[in-house]
Each structure stands twice: as C-alpha cells, then as structure tokens.
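What follows is each chain in one-letter form.
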Amino acid sequence: MAHAPREIILAKNLGFQYVGAPRAAIQGIDLSIKENEFILLTGPSGCGKTSLCRCLNGLIPNFYQGEWTGELLVDNLSVTTQLTSELSRRVGYVFQNPENQLFALTVEKDIAFGPENLGLSREQIRQRVDEAMNVTGTLPLKDLAPYELSGGQQQRVALAGVLAMKPSVIVLDEPTSFLDPRTAEDVMRATDDLREGLGLTIVVVEHRLDLVARYAERIVVMDGGKIVADGNLEETLDEKFDLLEGLGVGVPRVSLLWTMLRRDGLVSGKVPTHVESAALSLGGMMNQ
Amino acid sequence: MITLEKVFFTYRSGQTALQDIDLNIVGGDFIAIMGENGAGKTTLAKHLNGLLKPSQGRVLVDGEDTRKVSVAKLSRKVGLVFQNPDHLLFSETVKDEVAFGLKNFGFAPDVVDSQVVRTLEALGLAEYAETSPFLLSGGERKRVALAAILATEPDYLILDEPTIGQDYRQKERLRNFILQLYSQGKAVVMITHDVEFVAESNPKVILLSQGRIVARGPADSVLSKDELVRRASLVRPQMSRLFSELTKYGLPGDVVDVHRARLLLEEKLSEAKVRVPQNS
C-alpha cells in the first residue's frame, strides 16, 4: 500500500520554562514525526532533549510546573488538554536508569502493573503481559525479582512494561548508558525489531552515535533548547559534521577519522558511519 | 599506596563478587577498571575506601588495614564518586553541595570559599553556583557530585562510570582534568565500560570478569584483543575493529585511538600516492 505514513507527533513553536529556571528549557520547537520512524535525538548536556521527551508523554506540563508555549499534538491529541493517562497509553517512556522504573516483587508483576491500571479484563492483561515478555525475551525471568537482574535484563523488563501498554511511540532516554557495550547493542537491536515487527515509532536520546547509527534513519540535534539540525542521519553526518563535532555530539570514531583524512586531501567521498563501510573504502584505496 | 592482597568478597546472599584480587595503586597512576555488568567493578571500588571490607585477604591504604580504620578517616584520602549523582546530592545550591565536604573536614571558611570557586570553574559549573542541583540536567548533576569530592583534594580519586550522560565535550574536559590530577601525583581510578573514552585516554586497564582480573596492561594492548574483550562483554573500539580489517595492508592491529589511526593512515595513503583533489 502506498499511503503516506501517519503523523504521530507534531510540535509547533513548542516551548517550556521550568519554574525557578533562569531560561527556557526548550523554545521554538517545530517537529513532525511520522509513524514507524526511528529517530535519534541528541545534543550537548543540558540542551533540552530530556525536557522535549517529557513533553511527548505529558510529564510536562502535567507533573512539572512552568510556562508552556506553542502546541504539541500526539496522535492528534493536544498534550495540554489530554489526561496523562490517555497520553501514557500512546507514548511509553524508558528511563536512563531502569532501577528507577522497576518496583514490583517479580518481573511478571512489574510488567502487568500498567495494563492492570487500564481496567482491562484478566484475559486481556494476561495476553498483553505474555506478548510483551515474548518479544523482549524476558519470559525466562518472569518469577525473578527486578533487583536480582543484570542491568541489561532490567532494561529489557522496563521495555516490556512499556510495551504492555501498547503504545504507538516509545521514547528511550539514554537507554544504554548503564549497560555494558555488548548488552547495549542487544537492547538497541531488540528496540529496532519492535519498530519493524509492531510498527512502533522509536525516539532514542543518546550522546553516542555509534550505537544508534545502524538503526536510526533520522537525527534531530538540539542546542540551547532549540533544534539546530534535523535530517537523514548519514547525510547530516556528512554535511554537518563540523556543527555536530562543535556541539560535542559523540560522532562515530570512523566518521571523525574519515573527516580528518578528507581535510588532509587523502580521501574523498561520503563520511562512513560504521566500521564496515570505512574498512571497505580504505581497503579499496590501498589496493590501487 | 593502596594495596589489595588476595582479596575475596562474598555478599551475604552467598554471591561471590571478587576472587583473588591483587592490585597496587600508587600516586600518578591512571587506571581503568573495565568489565561486564555484574563483573564486580563497583564492589572493588567500594573496597578502596573501606565501604566494603574483604571476606578474605586485606586492603591497605597507605599501610593501614581498611578493617581497622573508619570510613570517615579513609574518605579524606580516598574520594569515591558514585555512578548515580542523586545518591550524593542533597543541598539547596550547587555551591553548598560542593562546600559541604570541605566544611565537614574543618577547613576555614575562606579556604572553603576559594576552593569551591576553583572547583566549579574547573568543571564548567560556575554559572550554576546558586542553582539547586535538582534543576540541573543528569549530566550536570553528575559533575556537581564530582566537584563535591574533588574539592576535598583526595590523594586517590575513584570514579564510578564518570562518562555516563556526559557529551563529548564534557568527556574531553573530564579527560583533561584527570590528566592534570595524575600528573600532580594523585591516583585516579575509573570504573567504566566506555571503551572509546578509555581508548582515547590511554590508562592502564584492569579487565574484570566474574569477579576475577582476567587481563591487565596498556589500553591499546588489552582493548585490541578480541577474545578478552568479548569475555568481559565489551566491544572493541571502532579503530581497533577498523584496523584489524587493514592489517593485510601492512598496518598494525593494535590501534585503538583515532589520533594514532590518523597518523598511520596519513603515512600509508601518502606513500601509496592515492592523493585525490580536496572536494570541499
């Protein structure tokens, strides 16, 4: 079918300033996100990326006080007039530290907590929990206590708890920072599988591009509360490398290497975003 | 010097977290402790300032057994910055937070003030002196927690995952700061699984896996060994993965940082006379 993907998030001139803060956390945000996109949201520490994410599921303005400007629609619902419960069904949020999110006595109960509060039937709850455990590979953990799990397992349980709410959008705020690199890769892969398999929209907040570059087609870069770049990830790395580097975005090391060699006039062509493509290009040149 | 002699540690649950750890930390050292989630890294760190005592073996801090000295006394020598800044922060302003430890140690008010200003400036936090730590971003709060410990100028600084939530610029700042400290003769130990940060900072690496030290050595030699790195659930740095594809062109296989990679490739590509016109 060739119908255009639905717009799931639309921000128009969105801004927010926390009570007591010297300046706005975000301002003049115009952003449109289509269904099934995988977006990397990045920018220097304190640039407003977490605040923007808090708006997406209504944590701002419902739980944080401050001054709101502009408009934000999630699934055509206005965030300022909707109940948080309605929004949290649509936008799931996975926090940086999974320990902050898990609290029940067993993994299974933790995952069931969300659906139980939606007023669903027993069977419906059962089905949602089983489904969420299946797709996140947490079924073997169901009777364990969350604190008995490793960081990677906890992060997957947090993801399952969010999935059981059947959201359309999942926001992951630096989901891999507490995980060792191998587990971090697993979590990112599992997230991308969910996007593909369930048609979800994924927003990942991350400083390190190397982890996400393989999955995200689009990058949104923030600085000083504003969006300063928004586009295809590979093109943005190629065309706006200096801007990204200047902002302290953790560009993949192979991209940095290539840019330095290109400045020296030793290589030409597009900046590679992963090791494999860099190895291929450099190998090709040395074969000549 | 901090000395760990045949240290074993078993939690009350019966879970063994450290086995047979021998380690010396002296002034001027810069050490990265790496390993998988649950490898025992944080448990090891907590032994360095006496928060945990070994079940077997012993830990000596400047010759004193940590079982016989109070944590309060040890903490004047050994500063431990936790992974989660919120375990540490409680004051109303950033300035008070950083002053707290100093006041506790009995420094004169004017010394406290000047030390607070100096530390906040060094960590890029001066503009937040009067702000509540809880209004800051996660990355900024983490720097406040670091500042609070640094201000007391411990001889041994232990950092648990200092790069989490920090952008690249902050990481460079942190790197320079660490460099300054160990060149002044302090010891810096960081626990991390940030392989790229380690690759570019070149500390001595101690690789832990399931509570045991499985490798120790310079960052480039440890991080370029695929089997070891996998065993500790890490991923080799991008440069290492790139250069193992390029060894067939006569390039070395133990490159982990981008600057060495650049020098080697510049030489190689110039000699291969594949110079192409600059395209920008």
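It should be emphasised that the depicted structure is a prediction, and the values quoted were computed from it without experimental measurement.

For chain A, the count of helices and strands is twelve helices and ten strands. Taken against the 2.2 N^0.38 rule, which gives 19 Å for 288 residues, the C-alpha radius of gyration of chain A at 20 Å falls within 12% of a compact globule. C-alpha atoms of chain A, sized along the principal axes, occupy 65 × 45 × 45 Å. Put simply, 65% of the contacts in chain A that link residues at least 6 apart link residues at least 24 apart.

In this model helix H5 (residues 138–150) of chain B runs 18 Å from its N-terminal to its C-terminal C-alpha over 13 residues, within 8% of the 18 Å that 1.5 Å per residue would give. In terms of burial, H5 of chain B is largely enclosed, as 13 of its 13 residues are buried.

All right, on to the sheet that holds strand S8 (residues 201–205) of chain A then. Residues and elements named next belong to chain A. In space, the six strands of this open sheet follow the order S6-S7-S8-S3-S9-S10, with mixed pairing throughout. Only two strands of the sheet have a single neighbouring strand rather than two, namely strand S6 (91–94) and strand S10 (226–232). On average, each strand axis in the sheet is inclined to that of its neighbour by 20 degrees, with strand direction left out of account.

Confidence in the prediction of chain B, expressed as mean pLDDT, is 90, and 96% of residues score 70 or more. Overall fold confidence (pTM) sits at 0.85, and the ipTM for the predicted complex is 0.82.

The next subject is the nonpolar core. Residues and elements named next belong to chain B. Membership of the largest hydrophobic core comes to 161 residues, with the highest contact counts inside it found for Ala147 and Ile158. Per-element accounting of this core gives the leading share, seven residues, to H5. Apart from the residues lying within four places of it in its own chain, the contact partners of Ile158 are Ala45, Leu48, Asn49, Val78, Gly79, Leu80, Val81 and Val189.

This paragraph deals with the packing of helix H4 (residues 107–116) of chain A against helix H5 (residues 122–136) of chain A. Helix packing for two helices is described by the angle between their axes and how far apart those axes are. Residues and elements named next belong to chain A. In the contact formed by H4 and H5, the axes pass within 9 Å of each other and the chain directions differ by 130 degrees. Relative to H5, the element H4 lies oblique. In this structure, H4 meets H5 at a crossing whose hand is right-handed. Facing H4, whose interface residues are Glu108, Ile111, Ala112, Pro115 and Glu116, H5 presents Ile125, Arg128, Val129, Ala132 and Met133. When its residues are assigned to classes, the contact of H4 with H5 shows seven nonpolar, no polar and three charged.

Between chain B and chain A, the contact holds 44 residues from the first and 45 residues from the second. Mapped onto the side of chain B that touches chain A, the elements with two or more residues apiece are H5, helix H6 (168–183), helix H7 (195–201), helix H10 (238–246) and helix H11 (258–271) of chain B. A total of eight residues in the side of chain B that touches chain A trace back to one element, the largest contributor, which is H11 of chain B. Of the residues that constitute the side of chain B that touches chain A, the class distribution is 18 nonpolar, 15 polar and eleven charged.

A separate point is the environment of Val222 of chain B. Residues and elements named next belong to chain B. Mapped onto the fold, Val222 is located in helix H8 (residues 219–223). Considered as a pair, Val222 and Arg118 are 104 residues apart in the sequence and their alpha carbons are 36 Å apart. Other than its neighbours up to four places away in sequence, Val222 contacts Val205, Leu207, Ala215, Gly217 and Leu228.

Further remarks concern the sheet that holds strand S9 (residues 204–209) of chain B. By way of backbone hydrogen bonds, the strands of a sheet pair with one another, either parallel or antiparallel. Residue and element names in this part refer to chain B. The sheet built from six strands is open, its strands ordered S6-S7-S8-S3-S9-S10 with mixed pairing. Edge positions in the sheet fall to strand S6 (78–81) and strand S10 (212–218), since each of these pairs with one other strand and no more. Between one strand axis and the next, the sheet turns by 15 degrees as a mean value, whatever way the strands run. Both strand S3 (residues 30–35) and strand S8 (residues 187–191) contribute to a ladder of four bridges, which runs parallel. Directly across from Ile33, in S8, lies its bridge partner Ile191. In this fold H6 packs onto S3, strand S7 (156–160) and S8, with an angle of close to 140 degrees to the strand it touches most, S8.

Conventions adopted
Numbers given for residues are sequential positions, taken from 1 along each chain in its written order. Ligands are numbered from 1 and chains lettered from A, in the order in which they are written. The model is predicted, so local features are restricted to residues of pLDDT at least 70 and side-chain atom pairs to those at 80 or more, both for listing and for counting; the totals for chains, interfaces and linings are taken over all residues. For helices the rule is a DSSP run of H or I covering at least 4 residues; for strands it is a run of E covering at least 2, with both sets numbered from the N terminus onward. Atoms considered for the radius of gyration are the C-alpha atoms alone. The globule rule reads 2.2 Å times the number of residues to the power 0.38. We call two residues in contact when their backbone-placed C-beta atoms lie within 7 Å. The span you would expect from a helix comes to 1.5 Å times its residue count less one. Counting other C-beta atoms within 10 Å of its own, a residue is labelled buried from 20 upward, exposed at 12 or fewer, and partly exposed in the gap between, with every C-beta atom placed from the backbone. One requirement defines pairing of two strands: DSSP has to find at least two bridges between them. Structural elements are reduced to axes, namely lines fitted to C-alpha atoms, with helices fitted over the stretch in contact, and the angle between N-to-C directions of any two is expressed from 0 to 180 degrees. Note: pLDDT gives the predictor's confidence per residue, expressed from 0 to 100. Joining buried Ala, Val, Leu, Ile, Met, Phe, Trp, Tyr and Cys residues through C-beta atoms within 7 Å gives a set, and that set is a nonpolar core. Small angles under 35 degrees read as roughly parallel and large ones over 145 as roughly antiparallel, with 65 to 115 read as roughly perpendicular and the rest as oblique. Crossing handedness is defined as follows: a turn of the near helix away from the far one that is anticlockwise and smaller than a right angle gives a left-handed crossing, while the clockwise case is right-handed. Following the grouping adopted for this structure description, the nonpolar residues are Ala, Val, Leu, Ile, Met, Phe, Trp, Tyr, Cys and Pro, the charged ones are Asp, Glu, Lys and Arg, and the polar ones are all others, Gly among them.

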